[in-house]
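What follows is the residue order along each chain.
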Amino acid sequence: MLYTMHHGKIHRATVTQANLEYMGSITIDSELLELSGILPGERVQIVDNNNGNRLETYVIAGERGSGVICLNGAAARKVLVGDTVIIIAYSLMTEEEAKTYVPKVIMVDENNHPINVRGTEKEAEIG
């Protein structure tokens, strides 16, 4: 049996752009992708903390160090610039892999620059 487990997450990033005219996807700063283990072209779930919207799309690598978080195409209708989002990537793992895998959780500041790379999350943790 395979389990769908989250393997990478960018926590509370701020949406910097929303481009309705682009073909689709989310553009994410390449540095954040590298730190989180999320790959260009990978399917991700985006959770908007401001309005509760959840959506799935694929990733495009943005300029390294730019802090860009841009929802493109139809996804641009689900968020507003300035909203905070959680970007989550999942992978299939065997039970053995799932029990030992440590996901990469990237915490960012208000400009989407990494401030902390964590391998764990705690239930009551804030921030």
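To be clear, the structure that these remarks concern was listed above.
The text that follows walks through the structure, step by step, so that each part is easy to find. Counting from 1, residues in each chain are numbered in the order their sequence is written. Local features are withheld for residues below a pLDDT of 70 in this predicted model, meaning they are given only at 70 or higher, and side-chain atom pairs are given and counted only at 80 or more; totals for whole chains, interfaces and linings count all residues. Hydrogens and water molecules were not included; the side-chain quantities draw on all heavy atoms of the structure.

Some remarks on the pairing of strand 9 (residues 114-118)
Here comes step 1: We call two strands paired when DSSP finds no fewer than two bridges between them. Numbering of helices and strands runs from the N terminus, with a helix taken as a DSSP run of H or I at least four residues long and a strand as a DSSP run of E at least two residues long. In terms of strand pairing, strand 8 (residues 104-108) meets strand 9 through four bridges, oriented antiparallel. In the strand pairing of strand 9, Ile106 is matched with Val117.

Section: the side chain of Asp48
Here comes step 1: Here Asp48 lies in strand 4 (residues 43-48).
Here comes step 2: Any residue under 20% of the maximum accessible area for its type is buried, any over 50% is exposed, and the rest in between are partly exposed; the area is computed with a 1.4 Å probe on protein chains only. His is not counted here, nor are the chain ends, while Lys and Arg score as positive and Asp and Glu score as negative. By definition, a salt bridge exists where a carboxyl oxygen of Asp or Glu is found within 4 Å of a side-chain nitrogen of Lys or Arg. In this structure, Asp48 is buried with no salt-bridge partner, the nearest side chain bearing the opposite charge being Arg12 at 8.8 Å.
Here comes step 3: There is a polar contact of 2.7 Å between the side chain of Asp48 and the backbone nitrogen of Asn50.
Here comes step 4: Any two residues whose heavy atoms approach within 4.5 Å at even a single point are treated as in contact. In contact with Asp48, other than residues within four places in its own chain, are Asn53, Lys78, Val79, Leu80, Asp83, Thr84 and Val85. Pairs of N or O atoms within 3.5 Å make up the polar contacts considered here, provided that, within protein, one atom can donate a hydrogen while the other can accept it, and that residues adjacent in sequence are counted only when both atoms are side-chain atoms.

Some words on the sheet that holds strand 8
Here comes step 1: Judged by pairing direction, the sheet is mixed, and its nine strands sit side by side in the order 2-6-3-5-4-7-1-8-9 without closing on themselves. The two strands at the open ends of the sheet, each matched to only one other strand, are strand 2 (17-19) and strand 9. Adjacent strand axes in the sheet meet at a mean angle of 30° when their direction is disregarded.
Here comes step 2: Alignment of strand 3 (residues 25-29) against strand 6 (residues 69-72), held across four bridges, turns out to be antiparallel. In the strand pairing of strand 6, Thr27 is matched with Cys70. A fitted line through C-alpha atoms serves as each axis, taken over the contacting stretch for helices, and the angle formed by two N-to-C directions is quoted from 0 to 180°.

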